[in-house]
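The chain contents come next:
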Amino acid sequence: MSAEQQHRDGQAADPGPRSLAQALRERDDASLGALLRSRPDLLHPVPTDVTQLATRAGTRASVLRALEHLDRFALQAAEALAVAPDPASYQELLDLLAGDDGDEEVAGALPATVALLRERALVWGGEDRLRLVRTARELLAPSASHSSPTGLGPSVAEATSGMSPGRIQAILTAAGLPHTHDAVSAVAALSALFADRARVAELLEGAPEASREVLGRLVWGPPYGQVTAEPAAHLRWLLDRGLLLPATPGTVVLPREAALSLRGGRAHRVPEPTRPQVAVAAERKPQVVDAAAGGQALAALDTVEELLRSWDEGGPAVLRAGGLSIRDLKRTATVLEVPEPVAAFWVELAYAAGLIASDGGYVEEHHDRHDRPDADAEGYEDEETRDARTRRRSGEAEHYAPTPEYDAWRDLPPADRWAWLLEAWLPGTRTPGLIGGRDGRDRTLSALGPGLDRSPAPEVRRRVLELMAELEPGQAPDPATLLERLRWERPLRSAGPRREQPEPPRAGVRPAYGGGVAANDPEALRTKLTEWALLEAEMLGVTGRGALASHGRALLGTEGRSEGAGAGAPAAGSARATVVAALLAPLLPEPLDHVLLQADLTAVAPGPLVRPLAEALGVLADVESKGGATVYRFTPGSVRRALDAGRTATELHAFLDRHSRTPVPQPLTYLIDDVARRHGLLRVGAASSYVRCDDESALDEILADRRATALRLRRLAPTVVAAQADPRTLIEGLRAMGFAPAAESAEGDVMIARPHAHRTPPRTPPAPVPDGPPAPDATLLTAAVRAVRAGDRAATAPRKDTPEAPGGLPRTSPADTLATVQAAAMTGESVWIGHVNAEGAASQRLLAPLRVEGGYVTGYDHTADEVRTYALHRITGVAELAEEADGAEPAR
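Residues numbered from 1 in each chain as written. Predicted model: local features only at pLDDT ≥ 70, side-chain atom pairs only at ≥ 80, totals over all residues. Heavy atoms only, no water.

## Side note on the overall build of the chain
Right, on to step 1. Of regular secondary structure, the chain possesses 35 helices and 25 strands.
Right, on to step 2. Out of the 892 residues belonging to the chain, those deemed buried represent 48%.
Right, on to step 3. Nonlocal contacts in the chain, meaning residues at least 24 apart in sequence, comprise 68% of its contacts between residues at least 6 apart.
Right, on to step 4. Accessible area for the chain stands at about 42,300 Å²; split by element, carbon and sulfur atoms hold 52% of it. (Helix = DSSP H or I, 4+ residues; strand = E, 2+ residues; numbered from the N terminus. Buried < 20%, exposed > 50% of the residue type's maximum accessible area, 1.4 Å probe, protein only. Contact = heavy atoms within 4.5 Å. Areas by Shrake-Rupley, 256 points an atom, 1.4 Å probe, with all protein chains shown as cover.)

## Some thoughts on the side chain of Ser-191
Right, on to step 1. Tracing the backbone shows Ser-191 in helix α12 (residues 183–195).
Right, on to step 2. Residue classification places Ser-191 among the buried residues on the basis of a relative accessible area of 17%.

## Focus: helix α24 (residues 479–489)
Right, on to step 1. With nine of 11 residues buried, α24 is to be regarded as a mostly interior element.
Right, on to step 2. Inspection of α24 places Pro-479, Thr-481, Leu-482, Leu-483, Arg-485, Leu-486, Arg-487, Trp-488 and Glu-489 among the buried residues, and these make up the whole buried set.

## Focus on empty space enclosed by the protein
Right, on to step 1. By the definition in use, this model includes three cavities of 30 Å³ or more.
Right, on to step 2. The calculated volume of the largest cavity comes to roughly 100 Å³.
Right, on to step 3. Every residue lining the largest cavity is listed: Phe-345, Glu-348, Leu-349, Ala-352, Ala-424, Trp-425, Gly-428, Arg-430, Pro-432, Arg-461 and Glu-536.
Right, on to step 4. Taken together, the elements giving at least two residues each to the lining of the largest cavity come down to α19 (340–352) and α22 (414–425).
Right, on to step 5. Taken as a whole, the second largest cavity spans an internal volume of roughly 50 Å³. (1 Å grid on protein atoms, 1.4 Å probe; cavity = no way out; pocket = protein on both sides within 12 Å on 5 of 7 lines; lining within 4 Å. Points joined across faces, edges and corners; volume = space filled by probe spheres on them.)

## Regarding the pattern of salt bridges
Right, on to step 1. If you walk through the whole model with that rule in mind, you get 38 salt bridges.
Right, on to step 2. Arg-715 is the salt-bridge partner of Asp-700, the closest N and O atoms lying 2.2 Å from each other. You can see Asp-700 sitting in helix α32 (residues 696–704) and its partner Arg-715 sitting in strand β18 (residues 714–717), a full 15 residues away along the chain.
Right, on to step 3. Classification of Asp-700 as partly exposed rests on a relative accessible area of 42%. (Salt bridge = Lys/Arg side-chain N within 4 Å of Asp/Glu carboxyl O.)

## What about helix α27 (residues 575–584)?
Right, on to step 1. The complete set of buried residues in α27 reads Arg-576, Ala-577, Val-580, Ala-581 and Leu-584. Buried residues of α27 fall within an arc of 125 degrees about the axis and therefore sit on the same side. (Arc of directions from axis to C-beta.)

## Concerning the pairing of strand β19 (residues 720–723)
Right, on to step 1. Both strand β17 (residues 689–692) and β19 contribute to a ladder of four bridges, which runs antiparallel. When the sheet's bridge partners are listed, Ser-689 is paired in β19 with Ala-723.
Right, on to step 2. When β18 meets β19, the two strands line up antiparallel, connected through three bridges. Note on β19: the bridge partner recorded for Ala-717 is Val-720.
Right, on to step 3. Where β18 folds back on β19, the antiparallel hairpin that results is connected by two residues. (Pairing = 2+ DSSP bridges.)

## Let's talk about the sheet that holds strand β24 (residues 866–871)
Right, on to step 1. Strand order in the open sheet formed by five strands is β24-β23-β22-β21-β25, and the pairing between neighbours is antiparallel. With one partner strand each, in any of the chains shown, β24 and β25 (875–880) form the two edges of the open sheet. Averaged over all pairs of adjacent strands, the angle between strand axes in this sheet comes to 45 degrees, irrespective of strand direction.
Right, on to step 2. Note that strand β21 (residues 831–836) and β25 share five bridges and pair antiparallel. (Axes fitted to C-alpha atoms, helices over the stretch in contact; angles between N-to-C directions.)

## Considerations on the side chain of Arg-430
Right, on to step 1. By secondary structure assignment, the location of Arg-430 is in the loop between α22 and α23 (456–469).
Right, on to step 2. With relative accessibility at 16%, the residue Arg-430 sits in the buried group.
Right, on to step 3. Of note is the side chain of Arg-430, whose polar atom sits 2.6 Å from the side chain of Glu-348.
Right, on to step 4. When residues no more than four places from it in sequence are discounted, the contact partners of Arg-430 are Glu-348, Tyr-351, Leu-448, Gly-449, Leu-452, Asp-453, Arg-461 and Pro-766. (Polar contact = N/O pair within 3.5 Å; in protein donor to acceptor, adjacent residues only side chain to side chain.)

## Some remarks on the sheet that holds strand β3 (residues 224–226)
Right, on to step 1. With respect to topology, three strands assemble into an open sheet ordered β3-β5-β4, the strand pairing being antiparallel. Both edges of this open sheet fall to β3 and β4 (245–248), since each of them pairs with a single strand only. The average angle at which neighbouring strand axes cross in this sheet is 40 degrees, direction not considered.
Right, on to step 2. The sheet contact formed by β3 and strand β5 (residues 251–253) spans three bridges and is antiparallel. In the strand pairing of β5, Tyr-224 is matched with Val-253.

## Quick look at the pairing of strand β23 (residues 856–861)
Right, on to step 1. Counting buried residues along β23, five of its six residues qualify, which places the element largely inside the surrounding structure.
Right, on to step 2. In this sheet, β23 lies alongside strand β22 (residues 842–853) in antiparallel orientation, the contact comprising six bridges. Bridged to Glu-853 within β23 is Tyr-856.
Right, on to step 3. Linkage of β22 to β23, two consecutive antiparallel strands, is achieved through a turn of two residues, within which Gly-854 is found at a positive phi near 60 degrees.
Right, on to step 4. As defined by bridge partners, β23 adjoins β24 across six bridges and the pair is classed as antiparallel. Counted as the bridge partner of Val-857 is Tyr-870 from β24.
Right, on to step 5. From the end of β23 to the start of β24, which pair antiparallel, there are four residues, and Asp-865 there has a positive phi angle of about 60 degrees.

## Some thoughts on the packing of aromatic side chains
When we look at a pair of aromatic rings, we describe it by the centre distance and by the angle of the planes.
Right, on to step 1. A complete count under the given rule lists three aromatic pairs for this structure.
Right, on to step 2. Relative to Tyr-400, the ring of Trp-311 lies with its centre 6.4 Å away and its plane at 25 degrees, an arrangement referred to as stacked. A residue pair is termed long-range when its members are at least 10 positions apart, and Trp-311 in the loop between α17 (286–310) and α18 (326–336) and Tyr-400 in strand β8 (residues 400–402) qualify at 89 residues. Summarising the burial analysis for this pair, Trp-311 and Tyr-400 share the class buried.
Right, on to step 3. Over the aromatic face of Trp-409 sits the side chain of Arg-417, whose NZ or CZ is 5.3 Å from the ring centroid.
Right, on to step 4. In this arrangement the basic side chain of Arg-647 is found over the ring face of Phe-655, its NZ or CZ atom lying 5.7 Å from the centre. (Phe/Tyr/Trp six-rings, centres within 6.5 Å; stacked < 30°, edge-to-face > 60°. Lys NZ or Arg CZ within 6 Å of the ring centre and 35° of its normal.)

## Structural notes on unusual backbone geometry
Right, on to step 1. A cis amide bond links Asp-86 to the next residue, Pro-87, at an omega of 0 degrees.
Right, on to step 2. Mapped onto the fold, Pro-87 is located in the loop between α6 (72–83) and α7 (90–98).
Right, on to step 3. The residue after Gly-221, namely Pro-222, is reached through a cis peptide bond having omega -5 degrees.
Right, on to step 4. Topologically, Pro-222 is positioned in the loop between α14 (209–218) and β3.
Right, on to step 5. The residue Glu-337 is not glycine, and still its phi comes out positive at about 60 degrees.
Right, on to step 6. Structurally, Glu-337 can be placed in the loop between α18 and α19.
Right, on to step 7. Classification of Glu-337 as exposed rests on a relative accessible area of 56%.
Right, on to step 8. Phi is positive for Leu-601, close to 65 degrees, though the residue is something other than glycine.
Right, on to step 9. Examined against the element boundaries, Leu-601 turns out to sit in the loop between β12 (596–598) and β13 (602–605).

Pasting the structure below:
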């Protein structure tokens, strides 16, 4: 037995429900819960009864969202129903999708697809009376200005609705049909002619070749064409026989029945009942994939840490409109040694993880000051927050800087730090790839600026990883087939026939990251989101050499951040992060506590260094190259930087002896001693400023140097020279002349120049912009179904006739209201009450009173499905239930 026969046999012979509300009312609780799970927008707020649920399910916004979450074949089935008769039988729908020749794949997939459309309340009705909800039909059916997404135009009846009866009779005559007595029968005869494949073929046998070419261009859509006041002979032949009918002045359309006959009965040129398979572009050993992903994860941590270290004393200024300037982004890219779009990705990732933020403005989190240990009598702000607000009011520019969370993140193990970043990346809606493009107002999108949120991004990102996880470990997907699969699962609904898709990435071709995308091109955005998801996963180490790593698979198999763990909280707050970190940890190399000193004044770190060693070496030497091994170079400037930070030559020698696996080269020893010998020989203080030196010949040399002219030096004593420049400028000028001055305090002590770490006040990371309401959990679904059922029972319970107040509420006097509810409480019966709340909102409630006292009535509210208390003075009136309803809703 065929699949469609089984489907028909499983359906009832009766015509089915008369409305969507009745169809929903006849569902069981599991089916109603499935509807609410697939369309969570129907839950906000929870409908009071089934009628309100059906009304909400038919609204334009809700239907649009439901259509956008259909796969391509389900959408094709809905599009076919939109051009089918209303109602249509299952066989008519099958014929539109499979065509005259039939299609086994379509026939096999259609029953499940119709069940899916029923589940999501887009289709209702019996087997022989399938109905598409009215709003969906309006969205998908053709109109006078545009065709259906199938490429079909209006029917003969719709196209001839404004045509004169004489013109219709003339078309019948030209088509070889007899005259009729009225226009209705004439339109029916013409429709029957065009719906008959054999008769249409016979009619076209005598058509000019040019006429058949015109039909060939219009048959698959769009079905509209332009004609002049005096059409050519081949067009006149089609117009005379109704194969082209007038749509608007100067425009003609191919009627739907004729187009279907020419198509062989198919509503779509290519039905797509089966999902495309993701092809494998390359296959590698899982161990190789994991090792490559681990290396990328370590590089990602180094890059983010380098970014935050470069902003540790205060980062770039915030633009007036928000975000980084192009110049600051270029500087950041230079520091990270990556292209600008890639630098923008790392900046946005650190921002999404809560590691960087603006240091100005108000603290986003507000608490009661009695709950804040650092709150004072002035309000909710601590000293740092008040300082930031003062700078903002005074006109001082805001800057980006690390947040306090950065210090907590930096102290975590490497695997936990990586998991923290992934917890921000996977659900994030900010899309760094858009940076450099233009928004809808033709403004440039900047890093950390507004306008970068794209709600489909998390769904695309997660779905890309899920499809990669369906492959065998070590298999890398072909990007083109991956994109085609995503397009099948989430096709973009359009007003006309499906347009040409952007060219997908070819296998083996690595697209460039970033570059922006047109703000009004959703299909191009979908393509770019897929490409960016693949590239970002590779840069982060979720994938290795194009295949999903083992810790990447764990991202999809466990739950996300646990409830109560705020954004930016340590990775330990997430069950998923804990599992991922445990899988990644063995792939990361253990930090080293040594380096290899070379005779050319360089040090080689053969792997990641422990944090104290890395920080100390970063002060003493400059990073020359990065990679699997990091090369540091010692220079006079870098050694002077370490001395300025308070280290002595003896301490530097001991540090190198302790951490070098090779002997300390003699040139490096000489370099440290030579710089230390000259360091602090000159002393600079504030007078405006002065230079103090025990060696008078050194001061003579400075005064004789023409480069010191701009400092406006004047000798005050044999060992003291005054300057008109400030101490910082004086120190920089002397260093440019080849000296190594040291700043001194008012007491004459050498001032240690340690970097000052600048932190923002506590900040909340940017919240993702959701693509609609969140998916409800099982508890919410159960409660919502129960509330809808209770409200529906209450709404359908009959009641006795009683006077009504405006709005249909029962109306009785206060004395009658009190007497009726007291009697109902004694007998255990239910009554209708009209209630007006404190905000003035009126509602009707089915109440089973339990007790009446103190001006209040407490009872079981069947409408809300819970016990509630109502003030008697807010009850407009009471109505008893009709006798046939008595006892149907006993008090609980």
